[in-house]
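Read off the chains here:
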Amino acid sequence: MAVITAAMVKELREKTDAPMMECKKALTEAEGDMTRAEEILRVKLGSKASKAAGRVTAEGLIGLYISPDAKQGAVIEINCETDFVAKNDDFVGFVNNLAKLVATTDVADVAALSAAQMGDATVEVTRLALVGKIGENIAIRRFQRFNTANKLSSYVHSGKIGVIVDYSGADEIGKDLAMHIAATKPRALDESGVSEADKEAERSVARLKAAESGKSPEIVEKMVEGTVVKFLKEVALLSQPFVKNDKQTIAQMLKEKSAAVSGFALFVVGEGIEKKTSDFAAEVAAAAAGQA
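Note that this is a predicted model, so its numbers are computed, not measured.

**Describing the side chain of arginine 127**
Mapped onto the fold, arginine 127 is located in helix α7 (residues 123–134). Looking at arginine 127, the relative accessible area reads 13%, which means it is buried. Those residues within four positions of arginine 127 in sequence are excluded, and the remaining contacts are Phe94, Asn137 and Ile138.

**Let's talk about the sheet that holds strand β7 (residues 161–168)**
With respect to topology, three strands assemble into an open sheet ordered β6-β7-β10, the strand pairing being antiparallel. Bordering the open sheet on either side are β6 (151–157) and β10 (260–268), each of which pairs with just one other strand. Averaged over all pairs of adjacent strands, the angle between their axes in this sheet comes to 15°, without regard to strand direction.

**Quick look at the sheet that holds strand β5 (residues 139–147)**
Across the sheet, three strands lie side by side as β1-β2-β5; this open sheet has antiparallel pairing. The outermost strands of the open sheet, each flanked by one partner alone, are β1 (59–66) and β5. In this sheet, neighbouring strand axes are inclined to one another by 10° on average, regardless of whether the strands run parallel or antiparallel.

**Topic: the nonpolar core**
Grouped together as the largest cluster of nonpolar side chains are 26 residues, with contacts concentrated most on Ile76, Ile78, Phe91, Phe94, Leu98, Leu113 and Val123. Broken down by secondary-structure element, the contributors of at least two residues to this core are β1, β2 (72–80), α4 (83–86), α5 (89–104), α7 and β5. Looking at which element gives the most residues to this core, the answer is α5, with eight residues. Apart from the residues within four sequence positions on either side, valine 123 is in contact with Phe94, Leu98, Leu101, Leu113, Ser114, Ala116, Met118 and Ile140. Residues Tyr167, Leu177, Leu237 and Val268 belong to the second largest nonpolar core, which totals 19 residues.

**Topic: the pairing of β2**
For β2, the tally of buried residues reaches eight of nine residues, placing the bulk of the element in the interior. As paired strands, β1 and β2 are joined by eight bridges and run antiparallel to one another. Looking at the pairing, glycine 63 lines up with isoleucine 76 of β2. Here β1 hands over to β2 after five residues, with alanine 70 in that stretch at a positive phi of 60°. In terms of strand pairing, β2 meets β5 through eight bridges, oriented antiparallel. Among the inter-strand pairings, isoleucine 76 is bridged to a residue of β5, identified as phenylalanine 143.

**Details of the packing of helix α9 (residues 196–211) against helix α10 (residues 217–235)**
Contact geometry for α9 and α10: axes closest at 9 Å, N-to-C directions at 140°. Considering the angle they form, α9 stands oblique to α10. You can see that α9 and α10 cross each other, and the crossing is right-handed. Here Asp198, Lys199, Glu202, Arg203, Ala206, Arg207, Ala210 and Ala211 of α9 lie close against α10, whose contacting residues are Val220, Glu221, Met223, Val224, Glu225, Thr227, Val228, Phe231 and Leu232. A class-by-class count of the residues in the contact of α9 with α10 yields nine nonpolar, one polar and seven charged.

**Focus on the packing of aromatic side chains**
The tally for this structure, following the rule as stated, stands at zero aromatic pairs. The cationic tip of arginine 142 hangs over the ring face of phenylalanine 267; the distance from NZ or CZ to the ring centre is 4.2 Å.

**Quick word on the pattern of salt bridges**
Evaluated as defined, the whole model comprises 16 salt bridges. Between lysine 199 and glutamate 196 there is a salt bridge whose closest N-O contact spans 3.3 Å. On the criterion of helical spacing, the pair formed by lysine 199 and glutamate 196 is a turn pair, its members being three residues apart in helix α9. On the accessibility criterion, glutamate 196 (58% relative accessible area) is exposed. Salt bridges here are not isolated pairs; linked through shared partners, they connect Glu77, Arg141, Arg142 and Glu271.

Rules used in this analysis
Throughout this description, residue numbers start from 1 for each chain and increase along the sequence as written. At least 70 in pLDDT is required for a residue's local features to be given in this predicted model, at least 80 for side-chain atom pairs to be given and counted, and no such filter applies to totals for whole chains, interfaces and linings, which use all residues. Note that water and hydrogens are dropped before the side-chain values are worked out from all heavy atoms of the structure. Numbering goes from the N terminus for both helices and strands, where a helix is a DSSP run of H or I of at least four residues and a strand is a run of E of at least two. Between buried and exposed lies partly exposed: a residue is buried under 20% and exposed over 50% of the maximum accessible area for its type, with that area taken using a 1.4 Å probe on protein chains only. In this description, contact between two residues means that some pair of their heavy atoms is separated by no more than 4.5 Å. When DSSP locates at least two bridges between a pair of strands, those strands are taken to pair. Geometry is summarised by axes, namely lines fitted to C-alpha atoms with helices restricted to the contacting stretch, and by angles between N-to-C directions that run from 0 to 180 degrees. Working definition of a nonpolar core: buried Ala, Val, Leu, Ile, Met, Phe, Trp, Tyr and Cys residues. They are joined through side-chain atoms within 4.5 Å. Relative orientations are named as follows: roughly parallel for angles under 35 degrees, roughly antiparallel for angles over 145 degrees, roughly perpendicular for angles from 65 to 115 degrees, and oblique for any other angle. Left-handed describes a crossing whose near helix is turned anticlockwise from the far helix through less than a right angle; right-handed describes the clockwise counterpart. Residue classes follow a fixed rule: Ala, Val, Leu, Ile, Met, Phe, Trp, Tyr, Cys and Pro count as nonpolar, while Asp, Glu, Lys and Arg count as charged, and any other residue, Gly among them, counts as polar. Aromatic rings from Phe, Tyr and Trp, with only the six-membered ring used for Trp, were paired whenever their centres fell within 6.5 Å, and each pair was classed as stacked if the ring planes differed by under 30 degrees, edge-to-face if by over 60, and tilted otherwise. Counted as over-ring charges are cases with an Arg CZ or a Lys NZ within 6 Å of the ring centre that also lie within 35 degrees of the ring normal. In what follows, salt bridge is the name for a side-chain nitrogen of Lys or Arg lying within 4 Å of a carboxyl oxygen of Asp or Glu.

Geometric values such as these leave the question of function open.
This is the structure we're talking about:
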């Protein structure tokens, strides 16, 4: 039997970035053959990635990148299964590298990004290796790229909320706008940008509430439309009260500062993903019943 030294394990780990014990097992199985051990690890890591692929990824990080001239930028959401992994240095590095890659290339969607080259491998190969190393499913969910003649500013809160804003004006305006957006979560730049689905959902709820008033259909409809108008002002960035001075709207603040905003992106980790909840007591009871 070949002697597996610590130096061999270290060398294989540096080549594959796999866990130490996995490297030692692979070298033992390969009887010390480094090339064969690499192949064994690729198979094992791929197997781990396949097993993880079906698991829900509702945690993760928002990655942000803005070029030194503040003309190019990107925001990206990468998901994992647990918040613990979202703090892993390798995972954080993967997220940050992808944000920069999106900002500096012309990839159109997640599929194109997965096929893009990142260092010596494609993004997908890198992702699968990271899944194998960490042991959790990792998913690239969405991204948005910016190229502007104006300026970009950003804000990220605890890695869970990320904002990029396209604006003109003093640097402090961009910072204020990004933090305001993170705090108030507007759905659109102005009222015309709010989706018809959102408007109709608000209208439907308002109609049910107004109908309980017992007023005439004409009055009910006016109440409904009044509610929708109020809703639009609340969710459109330009009509929202500025968080640093609620006596003026964002539009009024921008006018006062001779500034403007052209667009923004707001990503919140796991938004819209149904998280799986576990009933530990029920799981234990089910396991006990299965053994009975």
